[in-house]
Each structure stands twice: as structure tokens, then as C-alpha cells.
Amino acid sequence: MSPTPEKIRVELGERAYDVLVGSGLFERAGEFVAPLLTRKRIFVLTDCTVAEAHGGRLERGLAAAGIAAPLMVLPPGEGTKNWAQLGQVLDDLLDRRPERGDLLLALGGGVIGDLAGVAASLLLRGVDFVQAPTTLLAQVDSSVGGKTGVNTRHGKNLVGAFHQPRLVLADLDALATLPRRELLAGYAETVKYGLIEDPDFFAWCEANGAALIAGDLAARQHAVAYAVRAKARTVAADERESGARGLLNLGHTFGHALEAAVGYSDTLLHGEAVAIGMVLAFELSARLGLCPQGDAARVRRHLAAVGLPVDPPSRLGNSGAQLVALMGQDKKVHDGRITFVLARGIGRAFLARDVDTGVVRDVLDRALAA
Ligand code: NAD
Ligand code: GLY
């Protein structure tokens, strides 16, 4: 693997930033982060699993540039992304006497990245932050684009801010310790870019997905850099999701309802819910006569072939109608109508706000009975 990371710019005017994709980035973190600092100190938010696997590499990389980096270590998992932890993190940060010019670094998956992002947006009315994503999901999606959030009893990510990072360090070496199930969950969000707008990338995934999952570094570099470029383009065109960025929610309307139905437990990881949701979105599109049935079957086949779930968990105990009701709590509801991302085929996704929820219920009931 080349020692020179691939650099992808997220073009957002005065808030533009680089995403570096490559190997050995944490060991060089000091070199990348130092130009952003006003003093040689940075706060690192992480979880205990990631701290153990990669905290040392990052700390050494920062220390090499003389940067002190006290780690603030949280419990792992979706349960951490809540009000209580956010309040605790802000208090812990304030105990350390932060200054406006200080930087928060999120070392971890989407949970740590989303939580650190909200904390950074609120601390002293807003400090800068850096994303150091350690899951495939966070590298291809959540670390780029500035969406931050915590969950509340009303649903996922309902409180948060758009707060762009100053830099993203997507170190592919972090993926070496990622459990296979987490890797697959991130793979779902990777394939998503092909399903939305690029049939060639989907075909690449069909040919190379197994190698990527097995650990092929060149395949990982290609896919992560591809996904980051796609996301960077989308975010630059529509930072606040008033249009095209909504396409990145392919599979998420169904997925969030499934996550809510299992109480955000690890019965379903976010990426797994998205995988099932993407299959359902294509099956709904086919059922509505918008998309060839063959394309829907191809999506299902590929995701199942790599080992992702493609049907809702058995014994979910919810009906299609109940899941549609859960969709009504989604952020993507406009004037009471649920927004779906549908497709006219692989690589041809579009937003739809006038979908007959009777058909949605039916598609869900069939999937639940499978
Ligand atoms: P996560 O952060 O919970 O990480 C998954 C698990 O993997 C955790 O147990 C973590 O400790 C462990 N882990 C992380 N990196 C590891 C590594 N390198 N080696 C070993 N273990 C490691 O989950 P995630 O899938 O990264 O992120 C999911 C979250 O991201 C959800 O809350 C979702 O809502 C959010 N998300 C946000 C956006 C956005 O745009 N902000 C986009 C997609 C998803
Ligand atoms: N994960 C979807 C987005 O960032 O818009």
C-alpha cells in the first residue's frame, strides 16, 4: 500500500476540509493535526474497545508532534449516543478547561463520531473537531458530511447539528481489528453508493466485495476512497439535505423503523438494518412497477451472498402497519408524508413523497412472513 494517502476534498467554501484515506495515518496523526491547533493539546473521545485497539497508535502519532492527547473513554455501542452521555462528556471536557481554539478528536465508529460532533458543536458554543473513523461504516459514511446526533426516546438522531469536521483521517489499518459483523454492516453503506447512482460501482462490489470483506487492502482503499468521493460530492452540492443528499438515505426509512422495532438493540446493527432496508426499497420499487424485478433480485442476491441479512429478523413481533407507524417518527417526514428513496433500477435512485403506504405495508408484511 502506498505511504501517500489519497486526499479527497469536501468542497464547502470556508468550511472545506480534507478526508485522507490510507494506511498508517494514526501513526502520523500529529503531522496532519498540528496545523489545525492553536496549542499542543487535543481532546480525544473514544470507546473502550477502540481505545484498546488503536488508542496507543494515535497517542504515539500525536506525541511525535508534541501534542498531548488525553483520551476520554466511553462505553461502546449505540446506547452511548444519548443525552446522559452527552451531558457527561461536556462536563468532563469543561473540567479540563477547554479554550475556543481547542480541538476534539473522535476516535471510533459512528457512535463516537456522532456524539463527539454534537459535543463539539455545543462546547463553548462550538469548537472544531476531527474525525478518526475506525469502522468501515464511519469511514464510508458517518465521518464525512457533518451530520452529528444523539438518540432520544422519540427515535434515532433526532437531536443534533450540522457541524463539519476540520479533517477526517480514515486509516484503513483500523479495519484490521473490526469484527466481521461490523465490517459487513459498513459494507452495506458502501454498496449503497452504487445502488444510488453508479451501476458500475455496484458491479465492482459484486466482483470485489468478498475480497474487501476478507481483508484485501487494495479493495478497501478503492471502496473507501470511492465512497468518500461520492459522499463529498453529494454533501458539497446539498450540505443541509434539501435535495440530493436525501438519496443517501436509501434503505434508511425502512432501516430506522426496524431499528426502532428492535429497540436499537444489537439484534440489528445500523448497517444491517440499512441492508434489509435497501432490499425492501428495491422490492417496493419493483412492486410499484418502477424498477425491473431482476434488479431488486440482484440487490438481494449480492447482499445475501456477502453475509448480510436481507429480511427483517424473525419473531420481530411487528406488523407492516406498525413498522409504517414507526416510519412516521422519522426526520424525513414532510407535511405528515414519509419520504422514501426508491429506484428505477440499480444506480437510479430518486426521492418519492407520495408513496401509497398500503403497498409499503404489504411489502413489509410479505418480508415479515418470509
Ligand atoms: P459503532 O460506533 O457503535 O461501532 C461499532 C462497534 O465496533 C463498537 O462496539 C465499537 O467499539 C467497535 N469498533 C469500532 N471500531 C473498531 C475497530 N477498529 N476495531 C474493533 N472494534 C471496533 O457503530 P458504527 O456502525 O460505526 O456507527 C453506527 C452509528 O453511526 C449509528 O449511531 C448511526 O446512526 C450513525 N451514523 C451516522 C451517520 C452520519 O452521517 N452522521 C451516517 C451513518 C450512520
Ligand atoms: N448518512 C447520510 C448523510 O450523511 O446524509
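Provided above is the structure to which this section pertains.
Residues numbered from 1 in each chain as written. Chains lettered and ligands numbered in written order. Predicted model: local features only at pLDDT ≥ 70, side-chain atom pairs only at ≥ 80, totals over all residues. Heavy atoms only, no water.

Q: I'd like to hear about the site of ligand 1, residue by residue, with values.
A: In the vicinity of ligand 1, 26 residues are found, and the nearest of them are D47, G110, T134, T135 and T177. A distance of 2.7 Å is found between a nitrogen atom of ligand 1 and a side-chain nitrogen or oxygen belonging to T134. The backbone of K147 places a nitrogen or oxygen atom 2.8 Å from a nitrogen atom of ligand 1. Only helix 2 (48-63), helix 4 (110-122), helix 5 (136-142) and strand 8 (155-159) provide two or more residues apiece to the shell around ligand 1. For the shell around ligand 1, a count of residues per class yields 7 nonpolar, 10 polar and 9 charged. (Near = heavy atom within 4 Å. Polar contact = N/O pair within 3.5 Å; in protein donor to acceptor, adjacent residues only side chain to side chain. Helix = DSSP H or I, 4+ residues; strand = E, 2+ residues; numbered from the N terminus. Nonpolar A, V, L, I, M, F, W, Y, C, P; charged D, E, K, R; others polar.)

Q: Residues and numbers for helix 12 (residues 320-327), please.
A: Residues of helix 12 that are buried include every one of G320, L323, V324 and M327, and no others. End-on view of helix 12: buried residues confined to an arc of 100 degrees, all on one side of the axis. (Buried < 20%, exposed > 50% of the residue type's maximum accessible area, 1.4 Å probe, protein only. Arc of directions from axis to C-beta.)

Q: Before we move on, could you go through the side chain of D295 and cite the residues and values that matter?
A: When you line up the elements, D295 lands in helix 11 (residues 293-306). It is R298 that comes nearest to the buried, bridge-free D295 among opposite-charge side chains, at 4.9 Å. (Lys, Arg positive; Asp, Glu negative; His and termini not counted. Salt bridge = Lys/Arg side-chain N within 4 Å of Asp/Glu carboxyl O.)

Q: Give me the pattern of salt bridges: which residues, what numbers.
A: When the charged atoms of two side chains lie near each other, side chains of opposite charge can form a pair. Tallying each qualifying case throughout the model produces 26 salt bridges. Residues R28 and E31 are paired through a salt bridge, measuring 2.8 Å at the closest nitrogen-oxygen approach. Salt bridges linked by common partners bring E78, K81, D114, K156 and E259 together as one network.

Q: So what's going on with the packing of aromatic side chains? Which residues, and what values?
A: Applying the stated criterion across every chain, the model contains 3 aromatic pairs. Relative to W204, the ring of F201 lies with its centre 5.6 Å away and its plane at 5 degrees, an arrangement referred to as stacked. With F201 and W204 both in helix 7 (residues 199-214) and 3 residues apart, this pair spans about one turn of that helix. W204 matches F201 in its accessibility class, with the two residues each being buried. Ring centres of F201 and Y226 lie 3.9 Å apart, and the angle between their planes is 5 degrees; on these two criteria the pair is classed as stacked. On the criterion of sequence distance, the pair formed by F201 in helix 7 and Y226 in helix 8 (residues 217-237) is long-range, its members being 25 residues apart. Pair check on accessibility: F201 and Y226 agree, each one buried. Between R344 and the ring centre of F350, over which it is positioned, the NZ or CZ distance is 3.9 Å. (Phe/Tyr/Trp six-rings, centres within 6.5 Å; stacked < 30°, edge-to-face > 60°. Lys NZ or Arg CZ within 6 Å of the ring centre and 35° of its normal.)

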